[in-house]
Amino acid sequence: MWRRSLRPLNAYERQHDYRHSPSLRGRFIVVGAFAIILIAFLAIKLVFDYSERLADISYDRLLRSALLQMDENVGQIEGEITIDIPWSAFATLAQASDDRVFYKVESSSQGFITGYFNLDSSPALPVEYGTIQFFDRTYSGEVLRFAWLERYITEPDASGTVRTVLAHTRLSREEMAASITQRAVELITLVALVSIALIVIGSQIVLRPLHRIEQVLESRTPGDLTPLTLKTPRETYHLKVVINDFMLRLQSNLEELENYTGNAAHQLRTPIASLKALAENARDIGKPEQQRQALEKIIEQCEALSDTVSFLLNQATISHRLQSQPMGLIDLVQPIRESCRAQALTALRKGVMLCFESELEEAIIVGDTIAIEQMMQNLIENAVRYSVLENGIEQKEVVIRITPMPKIYRVEVIDQGVGISDVDKQRVFERFYRGRYDIAGTGVGLSLVKDITKYHQAEITLSDNHPHGTVVTVDFPAFKFREDS
């Protein structure tokens, strides 16, 4: 029923165990920091992409302006396409002082007109005349930003198209993008560090209610199991409720243990004192016949003491099992049948015949087989013990019957003994209570039966058997299988 407490840890073992225990605060900080770093990384990636697009948009406007100025100066002289590149076009691009400019002008009828002959002027996208295209392309070992335009010639004596290509290096674009990205990264890094610092500080504040619960429990005396009453946040409310429920169960178990130990000590003290008195009498008796009678009484007291100890150990074992072992689906018929077989020979030697009546092949309930076997053995032993006391030469019979009823299985133990008075029916389930002291017993059998029926959510009742005897009825809730839909 009760396990020996573990050896308390010394200071070194506690320190070692504390150091190797996982930290809830550390996990909170690590998870929060990881989330912030991930968000910061994604933000930097978005800023980097945005800065490149922003730099391209800004400098593409310069390229567009310069390209349109060049295209406006395309004309025709004596049947040939000519271009007078304006100074303002290159002045516009000169705002990026470190970049270089490349251009090429050609027509469909005349071919190459001016610029860099080997500059690739093929479009990157499907041709849309009169629409400017922007794209990146490698030229002379470096990536350039191209502005491409092809339109129809509107001169009266000319036909075909004229194509103007203007390329610009990306140094200023990259410098602008890097500047924007650097400032954004500095800001994001600062925000991330501040957020991690706030998480570290916040974790201490968030876990403070747990520290308060710890301090309250550590300041208590060993026997103080009163419920916790301190105010706690909603997240730790259920923890407080669980601790209070646990202390309530522990208090109940300790009170039960104290009562059990006191009653057991009282029940054991009486036969031990009787044994001592009988032994002293046997020692002082000189006649062999009287000494023999005294020794027989000592043997009887030893048997009674052995029965009491056996019952106490059985009760401790069953009580521990009920507290530690989970219940499962069992067949109620099987442990009852086994209990009848185990007690049949002992009952027959006392002139009592056991009769097991059941038409059920199985009766499924939620329970514990060993506990039910112990319960039935106690009920059968009581029925046999009280049946022997009834005067009469006819053989007595104890009937064990299982009857299916709506939502329950009814188990009845019917004897033809002396019966139980109405006064005793109210107290026979109390531990160590004995209605008649002229009958051998310990007074713990029926109290254990009551504990087992309560554990199985069953109901036990006592009634009179006619013309004499007692009927013990136990109603077990039947397990209901879900019907397949």
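Sequence order sets the numbering: in each chain, residues are counted from 1 along the sequence as written. The predicted nature of this model means local features are confined to residues of pLDDT at least 70 and side-chain atom pairs, given and counted, to a pLDDT of 80 or more, with totals for whole chains, interfaces and linings taken over all residues. To get the side-chain values, all heavy atoms of the structure are used, and hydrogens and water are removed first.

1. Looking at the pairing of strand E14 (residues 470–477)
Link 1 in the chain: Note on classification: 1.4 Å probe, protein chains only; a residue is buried when its accessible area is under 20% of the maximum for its type, exposed when over 50%, partly exposed between these limits. The way it works is that DSSP assigns letters per residue, a run of H or I at least four long becomes a helix, a run of E at least two long becomes a strand, and they are numbered from the N terminus. The buried fraction of E14 amounts to seven of the eight residues, a majority that puts the element mostly inside the structure.
Link 2 in the chain: As paired elements, strand E12 (residues 408–414) and E14 share seven bridges and run antiparallel to each other. Residue pairing across strands places Val411 opposite Val474, the latter belonging to E14.
Link 3 in the chain: As paired elements, strand E13 (residues 459–464) and E14 share six bridges and run antiparallel to each other. Each residue of the ladder has a partner; that of Ile460, found in E14, is Val474.
Link 4 in the chain: Strand pairing requires that DSSP identify at least two bridges connecting the strands. Where E13 hands over to E14, the hairpin turn is made up of five residues, of which Gly469 adopts a positive phi near 120°.

2. Side note on the pattern of salt bridges
Link 1 in the chain: A pairing counts as a salt bridge when a side-chain nitrogen of Lys or Arg comes within 4 Å of a carboxyl oxygen of Asp or Glu. Across all of its chains, the model carries 18 salt bridges by this definition.
Link 2 in the chain: Between Asp49 and Lys45 there is a salt bridge; the shortest N-O distance is 2.9 Å. Highlighted residues: Asp49 and Lys45, both in helix H2 (residues 24–72), separated by four residues, approximately one helical turn.
Link 3 in the chain: By relative accessible area, which is 23% here, Asp49 ends up partly exposed.
Link 4 in the chain: With a shortest N-O distance of 3.0 Å, Asp56 and Arg170 are connected by a salt bridge. Of this pair, Asp56 sits in helix H2 while Arg170 sits in the loop between strand E7 (161–169) and helix H4 (171–206), and the two are 114 residues apart along the sequence. Across this residue pair, the class does not change: Asp56 and Arg170 are buried.
Link 5 in the chain: Among the charged side chains, a network of salt bridges with common partners joins Asp56, Asp60, Asp136, Arg145, Arg170 and Arg173.

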